[in-house]
Structure formats: C-alpha cells, structure tokens
Amino acid sequence: MAGPPSPLTTHVLNTAMGVPGSNMALSLFREGPSNATWSLITTRTTNDDGRCPGLLTKEMFLPGVYKMRFETSQYWESLGETCFYPYVE
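Quantities reported herein were computed from a predicted structural model and do not represent experimental measurements. (Residues numbered from 1 in each chain as written. Predicted model: local features only at pLDDT ≥ 70, side-chain atom pairs only at ≥ 80, totals over all residues. Heavy atoms only, no water.)

> If you had to explain the pattern of salt bridges to someone new, which residues and values would you point to?
Think of it this way: side chains of opposite charge can pair up when their charged atoms draw near. Applying the stated rule across the entire model yields 3 salt bridges. Measuring nitrogen to oxygen at the nearest pair gives 2.7 Å for the salt bridge that ties Asp49 to Arg51. Overall, Asp49 belongs to the partly exposed group, its relative accessible area being 36%. Overall, Arg51 belongs to the partly exposed group, its relative accessible area being 39%. Put simply, Glu89 and Lys67 hold a salt bridge, and the shortest N to O gap is 3.5 Å. Pair noted here: Glu89 is in the segment after α1 (72-78) and Lys67 is in strand β5 (residues 66-70), with a separation of 22 residues, a long-range link. (Salt bridge = Lys/Arg side-chain N within 4 Å of Asp/Glu carboxyl O. Buried < 20%, exposed > 50% of the residue type's maximum accessible area, 1.4 Å probe, protein only. Helix = DSSP H or I, 4+ residues; strand = E, 2+ residues; numbered from the N terminus.)

Have a look at this one:
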C-alpha cells in the first residue's frame, strides 16, 4: 500500500528510447533564507516508472524555492551511453 501522496512530484522520461527514466539519482534542495545557499533535503532514485513517490511529506513541504538535481551522467553511463550534461537542475 502506498503512503500519502507527496506535495512535490517528478516524472523522468527517456525520450530517446521511449521509456521511463528509471533508476536515476536525484537530489532535492530548498533555498535558504538568504537566497544564497541551498540545503539538501533528500536524495532519492526514480522507480521503474521514472517517478519518485513519497519524495517529500506534507509536513516537510514549507513555503520556499526548491530545486532538483538529476544525475544524468550516471544514468546514461549505466545504459552504456554518454551524455552532454553531467547533471540537470
């Protein structure tokens, strides 16, 4: 049984192969009050459907600016491919 839905979601798609972007590492950050720093909230890996369920709980979802960093280089290397961007934010 799945837990409560996350207020923040993502869905990674590998459009080159027409499949979900499964097993891609990602990090979620929240901008600090000074707007000059980013705090790491969590690191996760996408599931077989390219999603990351339960990424953030309702209690953890505070007003602010968030960013995700997707480790695209690791993903493509795991498929025996190379990529232009080592990560995407």
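> Residue-level account of unusual backbone geometry, with values.
In the Ramachandran plot, Asn23 falls in the positive-phi region, its phi being about 60 degrees despite a non-glycine side chain. Locating Asn23 in the fold gives a position in the loop between β2 (19-20) and β3 (25-31). Classification of Asn23 as exposed rests on a relative accessible area of 54%.

> How would you summarise the confidence of the model for the protein chain if you had to cite specific residues and measurements?
When pLDDT is averaged along the protein chain, the result is 92, and 97% of the positions lie at 70 or above. Here strand β4 (residues 38-45) is the element of the protein chain with the lowest mean pLDDT, 95, and β2 is the one with the highest, 98. (pLDDT = per-residue confidence, 0-100.)

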